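Here's the letter readout for the chains.
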Amino acid sequence: GVFRELWARRLEVFREFATDPKRVLYLYDAADAVTVAEARAYREAARRLKIELVEKPVRTAEEAQATLAHISKGEVDGILTTSHLSLNIMMVFLH
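Each chain has its residues counted from 1, following the order in which its sequence is written. In view of the model being predicted, local features appear only for residues whose pLDDT reaches at least 70, and side-chain atom pairs are presented and counted only at 80 or more, with totals across whole chains, interfaces and linings using the full set of residues. Only heavy atoms go into the side-chain values, all of them from the structure, while hydrogens and water stay out.

1. So, the pairing of strand E1 (residues 23-29)
Looking along a regular strand, one sees side chains alternate from face to face of the sheet.
Part 1: Here E1 lies mainly inside the structure; six of its seven residues are buried.
Part 2: A pair of strands is considered paired only if DSSP assigns at least 2 bridges between the two. Helix and strand definitions follow DSSP, with helices as H or I runs of at least four residues and strands as E runs of at least two, each counted in order from the N terminus. When E1 meets strand E2 (residues 52-58), the two strands line up parallel, connected through seven bridges. Note on E2: the bridge partner recorded for leucine 25 is valine 54.
Part 3: By convention, a crossover is right-handed whenever its connection, traced from the first strand over the helix to the second and viewed with the strands pointing away, goes clockwise. A crossover links E1 with its parallel partner E2, the connecting element being helix H2 (residues 33-49), and its sense is right-handed. A simple rule labels every residue: compare its accessible area, found with a 1.4 Å probe on the protein chains alone, to the largest value its type can have, and call it buried under 20%, exposed over 50%, or partly exposed in between.

Listed below in structure tokens is the structure:
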């Protein structure tokens, strides 16, 4: 529906602002239906845009923080955040 199109458009805009990203990280709550649906939309858009979507489903904020800590420089060209705050993943980015 509408949200699916908006999520796909979000990746398109991300690509326009990032310098030709090849690999983009998407960290999301694996137990949240909204973020799982968002992941499907991003996956489809990434395939169409020829971007590798590096999906990292997590179940806790601690797991999200650990996942981010293990991403090495150059491993991804950018990070997409979820629009839904089920695990408060945005705060993980700020720590």
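2. Some remarks on the pattern of salt bridges
Part 1: The rule for a salt bridge is simple: a side-chain nitrogen of Lys or Arg has to be within 4 Å of a carboxyl oxygen of Asp or Glu. All chains considered together, the criterion is met by seven salt bridges.
Part 2: For the salt bridge of glutamate 38 with arginine 10, the shortest nitrogen-to-oxygen distance reads 3.8 Å. Here glutamate 38 is found in helix H2, whereas its partner arginine 10 is found in helix H1 (residues 2-17), with 28 residues between them in sequence.
Part 3: On the basis of relative accessibility, which here comes to 0%, the residue glutamate 38 falls in the buried class.
Part 4: Of the residues examined, arginine 10 reaches a relative accessible area of 30% and is grouped as partly exposed.
Part 5: Note that glutamate 55 is salt-bridged to arginine 43, the shortest N-O span being 2.6 Å. Taken together, the positions of glutamate 55 in strand E2 and arginine 43 in helix H2 put the pair 12 residues apart, joining distant regions of the chain.

3. Structural notes on the packing of aromatic side chains
Part 1: In summary, the pairing rule links any two rings of Phe, Tyr or Trp, Trp by its six-membered ring, whose centres are within 6.5 Å, and it sorts them by plane angle into stacked for under 30 degrees, edge-to-face for over 60 and tilted for everything else. Scanning all chains against the criterion turns up two aromatic pairs.
Part 2: Judged by centre distance (4.9 Å) and plane angle (15 degrees), the ring pair of tyrosine 26 and tyrosine 28 falls under stacked. A single burial state applies to tyrosine 26 and to tyrosine 28, both of which are buried.
Part 3: Pairing tyrosine 26 with tyrosine 42 gives two aromatic rings, centres 4.9 Å apart and planes at 70 degrees, and the pair type is edge-to-face. Of this pair, tyrosine 26 sits in strand E1 while tyrosine 42 sits in helix H2, and the two are 16 residues apart along the sequence.

Honestly, that's just the spatial picture; any functional story needs more than this.
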